[in-house]
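Residue strings, one per chain:
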Amino acid sequence: MNEIEVFNETNEKLSEIDELDNLFKFLIDYFNLDNIVCSVIIVDNKKIHEINKEYRNIDRETDVISFALEDDEVINDSPIRVLGDIYISLDKAKSQAIEYNHSLKRELCFLMTHGFLHLLGYDHMKKEDEDIMFPLQEKILQEYGVTR
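Described in the following lines is the structure provided in the data block. (Residues numbered from 1 in each chain as written. Predicted model: local features only at pLDDT ≥ 70, side-chain atom pairs only at ≥ 80, totals over all residues. Heavy atoms only, no water.)

A word on the overall build of the protein
Definition in use: Helix numbers and strand numbers start at the N terminus; a helix is a DSSP run of H or I with at least 4 residues, a strand a run of E with at least 2. Radius of gyration means the value over C-alpha atoms here, while the globule rule gives 2.2 Å times the residue count to the 0.38 power. Only protein chains enter the accessibility calculation, which uses a 1.4 Å probe. A residue is then buried if its area is under 20% of the maximum for its type, exposed if over 50%, and partly exposed in between. In this analysis, two residues are considered to be in contact whenever any of their non-hydrogen atoms come within 4.5 Å of each other.
Assigned secondary structure in the protein consists of five helices and four strands. Counted from the first residue to the last, the protein has its helices and strands arranged as β-α-β-α-β-β-α-α-α. A globule of 148 residues ought to have a C-alpha radius of gyration of about 15 Å, and the protein, at 15 Å, matches this closely. C-alpha atoms of the protein, sized along the principal axes, occupy 45 × 35 × 35 Å. Taken over 148 residues, the protein has a buried fraction of 41%. Taking the intrachain contacts of the protein between residues at least 6 apart in sequence as the baseline, contacts between residues at least 24 apart amount to 65%.

Next up, the structure:
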């Protein structure tokens, strides 16, 4: 059983958001995972700014924030892995799609992939970690069929 819940906390109804379910299934297969649960929450710039300030002490909006819930311990020997939550700013996704001259679908898929990799433990704080994570996310999107 693999489950993703996508919550759109904005007032916008966009078909591009529906793509995130399909991408989740692709990511699960790509990493050969099973019994994975995670949530994607689509918010506006105001909300992600509040989250960024409260949890990261950074007083500005950002495009994506991941909250990993899983650690090295298995709780109650549960076969279910609750990875965590990915918050995506729809406002930032739209502006970045324009800035990078690609579709909103591509930007949302990029942000979800980036956030999902964080939930799996990937990071980009150090150059050597960045050199692993960034090419991997591009490879995933290429194989998924969402290119620039």
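Thoughts on the sheet that holds strand S1 (residues 3-8)
The pairing of strands in a sheet happens through backbone hydrogen bonds and is either parallel or antiparallel. We apply this condition: Following DSSP output, two strands are said to pair if at least two bridges run between them. Helix axes are fitted to C-alpha atoms over the stretch in contact, other axes to C-alpha atoms as well, and angles between N-to-C directions run from 0 to 180 degrees.
Read from one edge to the other, the open sheet built from four strands follows the order S1-S2-S4-S3, with strand pairing classed as mixed. Since the sheet does not close on itself, it has two edges, and those belong to S1 and strand S3 (64-68), each with one partner. Taking each pair of neighbouring strands and ignoring which way they run, the sheet shows an average axis angle of 15 degrees. Note that S3 and strand S4 (residues 81-89) share five bridges and pair antiparallel. Directly across from Ser66, in S4, lies its bridge partner Ile86. Where helix H1 (residues 15-30) meets the sheet, its contacts fall on S1 and strand S2 (36-43), and the angle it forms with S1 comes to roughly 155 degrees. With respect to the sheet, helix H4 (residues 104-119) is in contact with S1, S2, S3 and S4, its orientation differing from that of S4 by roughly 145 degrees.

Brief notes about the packing of helix H3 (residues 90-99) against H4
Rules: Here the angle decides the label: under 35 degrees means roughly parallel, over 145 means roughly antiparallel, 65 to 115 means roughly perpendicular, and every other value means oblique. For any pair of crossing helices, the crossing counts as left-handed if the nearer helix is rotated counterclockwise from the farther one by less than a right angle, and right-handed if it is rotated clockwise. Under the scheme applied here, ten amino acids are nonpolar (Ala, Val, Leu, Ile, Met, Phe, Trp, Tyr, Cys and Pro), four are charged (Asp, Glu, Lys and Arg), and all others, including Gly, are polar.
Axis separation between H3 and H4 bottoms out at 8 Å; the angle between their running directions is 125 degrees. With respect to their mutual orientation, H3 and H4 come out oblique. Of the two possible hands of crossing, H3 and H4 adopt the one that is right-handed. Where H3 abuts H4, its residues Leu90, Ala93, Lys94, Gln96 and Ala97 lie against Leu104, Glu107, Leu108 and Leu111. Within the contact of H3 with H4, the residues separate by chemical class into six nonpolar, one polar and two charged.

A closer look at the side chain of Arg106
With respect to the helices and strands, the residue Arg106 is situated in helix H4. Given a relative accessible area of 1%, Arg106 falls into the buried group.

Comments concerning the packing of aromatic side chains
Let me state the cut-off plainly: Working definition: rings of Phe, Tyr and Trp (its six-membered ring) pair if their centres are within 6.5 Å, and the pair is stacked with planes under 30 degrees apart, edge-to-face with planes over 60 apart, and tilted otherwise.
Within this structure, the stated rule accounts for eight aromatic pairs. With 5.8 Å between their ring centres and 90 degrees between their planes, Phe67 and Tyr87 make a pair best called edge-to-face. With Phe67 in strand S3 and Tyr87 in strand S4, this pair connects stretches of sequence that are 20 residues apart. Among the aromatic residues, those joined into a ring-pair cluster are Phe24, Phe26, Tyr30, Phe31, Phe116, Tyr122 and Tyr144.

Notes on the pattern of salt bridges
Operational definition: Counted as salt bridges are all cases of a side-chain nitrogen of Lys or Arg within 4 Å of a carboxyl oxygen of Asp or Glu.
The full count for this structure, using the stated rule, is six salt bridges. Linking Glu19 and Lys105 is a salt bridge whose minimum nitrogen-to-oxygen distance equals 3.9 Å. Placement of the pair is Glu19 in helix H1 and Lys105 in helix H4, with a sequence separation of 86 residues. When its relative accessible area of 17% is taken as the criterion, Glu19 is described as buried. Residue Lys127 is joined to Asp131 by a salt bridge in which the shortest nitrogen-to-oxygen separation is 2.7 Å. Of the two residues, Lys127 and Asp131 are both situated in helix H5 (residues 127-144); the distance of four residues between them amounts to about one turn of the helix. Looking at Lys127, the relative accessible area reads 54%, which means it is exposed. A relative accessible area of 42% means that Asp131 is categorised as partly exposed.

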